[in-house]
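Listed below, chain by chain, are the residues.
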Amino acid sequence: MSSPGLSTLSILGYGLGHVFNDICASMWFTYLLLFFQKVLSFSSTNSGLLMLVGQLADGASTTAVGLAADRLSKLRVCRIYGKRKSIHLLGSVCVALSFPFIFLPCLMNNLSEQSQMIYYSCFVVVFQFGWAATQISHLALITDLSSCENKRTTLTSVRYGFTVISSILVYLTTWVFFGLGDGNQAIGHEDADKFRNIMLVGMGVGLTATVGFHISVKEPSEEDNVEGFKLSSMEESKPSKPKISVLSWLKN
């Protein structure tokens, strides 16, 4: 049942479920344009267009996944493993299979920049779909794990805390590979390996966190959720004791 008595392990495990997304998002928004313009020598227009493709794909994927998420409960895998965790797993797999190629030089040599745009756009669309699926399922899981408002607030806080930690981790990793320099260090083609290493560290941490989430968090069945919310509603419907003023209390 979605009980307010979640263990500390489950709460921390829940926070791990969005670390992979947070690491990828931090790299996406901070280093994508830098990588494509300085390392891959894409034009500013195409670099910006690629990010626009990603944001449009994110918007479309978020809408599509949000509409379809609650209609997948009849699938066998969702009944066995849990609707939210099944979608989360699908999204994580999509991110893991697509994100590395975004921060690597094109595997097909001698392609024009326009052809490479198509190449990278395919991975970007898959990545954004996976990112949206992971985000929506992870956030929706809060209401399934507990019917207690305080516990839900705790889960949201832990989720945000891991987001901050993930962003700091990305910046620290970048500092390790690039160093402080003299402030005038130019980024160019020779730095492709550094971006690859930053991406690999992020992938390693993110995948480890995702595994930790799936091991430590058990999604309640829909029957358990219905029972939990019925009990919660019964508690809320109980008549509360009338409040008495301080003056009335003193008279008594």
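Residues numbered from 1 in each chain as written. Predicted model: local features only at pLDDT ≥ 70, side-chain atom pairs only at ≥ 80, totals over all residues. Heavy atoms only, no water.

Membership of the largest hydrophobic core comes to 47 residues, with the highest contact counts inside it found for Tyr-14, Phe-36, Phe-99, Ile-102, Phe-103, Tyr-120 and Phe-127. Considering each element in turn, this core owes the most residues, 12 residues, to helix H2 (residues 19-39). Beyond its immediate chain neighbours, meaning those up to four positions away, Phe-127 contacts Cys-24, Trp-28, Val-95, Ser-98, Phe-99 and Ile-102. (Core = buried A, V, L, I, M, F, W, Y, C linked by side-chain atoms within 4.5 Å. Buried < 20%, exposed > 50% of the residue type's maximum accessible area, 1.4 Å probe, protein only. Helix = DSSP H or I, 4+ residues; strand = E, 2+ residues; numbered from the N terminus. Contact = heavy atoms within 4.5 Å.)

The grouping of Leu-75, Val-77, Ile-80, Tyr-81, Leu-89, Val-93 and Leu-97 at the surface amounts to a nonpolar patch, some 660 Å² of accessible area in total. By the secondary structure assignment, Ile-80 is in helix H4 (residues 76-81). According to the relative accessible area criterion, Ile-80 is exposed, its value standing at 64%. (Patch = residues over 30% accessible without salt bridge, like charges linked within 9 Å, V, L, I, M, F, W, Y side chains within 5 Å. Areas by Shrake-Rupley, 256 points an atom, 1.4 Å probe, with all protein chains shown as cover. Salt bridge = Lys/Arg side-chain N within 4 Å of Asp/Glu carboxyl O.)

A word on unusual backbone geometry. For Ser-41, which is not glycine, the phi torsion reads 65° and is therefore positive. Topologically, Ser-41 is positioned in the loop between H2 and helix H3 (44-69).

Before going further, it helps to examine the packing of aromatic side chains. Applying the stated rule across the entire model yields 14 aromatic pairs. Taken together, a centroid distance of 5.8 Å and an interplanar angle of 40° make the contact between Trp-28 and Phe-127 tilted. In this pair, Trp-28 sits in helix H2 while Phe-127 sits in helix H6 (residues 113-145), placing the two residues 99 residues apart along the sequence. Across this residue pair, the class does not change: Trp-28 and Phe-127 are buried. (Phe/Tyr/Trp six-rings, centres within 6.5 Å; stacked < 30°, edge-to-face > 60°.)

With that out of the way, let us pick up the packing of helix H5 (residues 83-102) against helix H8 (residues 192-216). Two elements in contact, H5 and H8, have axes whose closest approach is 11 Å; the angle formed by their N-to-C orientations is 165°. Put simply, H5 runs roughly antiparallel to H8. The handedness of the crossing between H5 and H8 comes out as left-handed. Across the interface between the two elements, Lys-85, His-88, Leu-89, Ser-92, Ala-96, Phe-99 and Pro-100 of H5 pack against Met-199, Met-203, Leu-207, Thr-210, Phe-213 and His-214 of H8. Looking at side-chain class alone, the contact of H5 with H8 contains 8 nonpolar, 4 polar and 1 charged residues. (Axes fitted to C-alpha atoms, helices over the stretch in contact; angles between N-to-C directions. Parallel < 35°, antiparallel > 145°, perpendicular 65-115°, else oblique. Left-handed = near helix turned anticlockwise from the far one by under 90°. Nonpolar A, V, L, I, M, F, W, Y, C, P; charged D, E, K, R; others polar.)

Let us look at the side chain of Glu-219. For Glu-219, the location among the structural elements is in the loop between H8 and helix H9 (222-237). For Glu-219, which is buried and forms no salt bridge, the nearest opposite charge comes from Arg-84, at a distance of 4.9 Å. A polar contact of 3.2 Å, which involves the side chain of Glu-219, links it to the backbone nitrogen of Lys-83. A polar contact of 3.0 Å, which involves the side chain of Glu-219, links it to the backbone nitrogen of Arg-84. (Lys, Arg positive; Asp, Glu negative; His and termini not counted. Polar contact = N/O pair within 3.5 Å; in protein donor to acceptor, adjacent residues only side chain to side chain.)

So, about the pattern of salt bridges. If the charged atoms of two oppositely charged side chains come close together, the side chains can form a pair. Applying the stated rule across the entire model yields 4 salt bridges. The salt bridge partner of Asp-144 is Arg-84, with a shortest N-O separation of 2.9 Å. Linking Asp-144 in helix H6 with Arg-84 in helix H5, this pair joins segments that are 60 residues apart in sequence. Like Arg-84, Asp-144 is buried.

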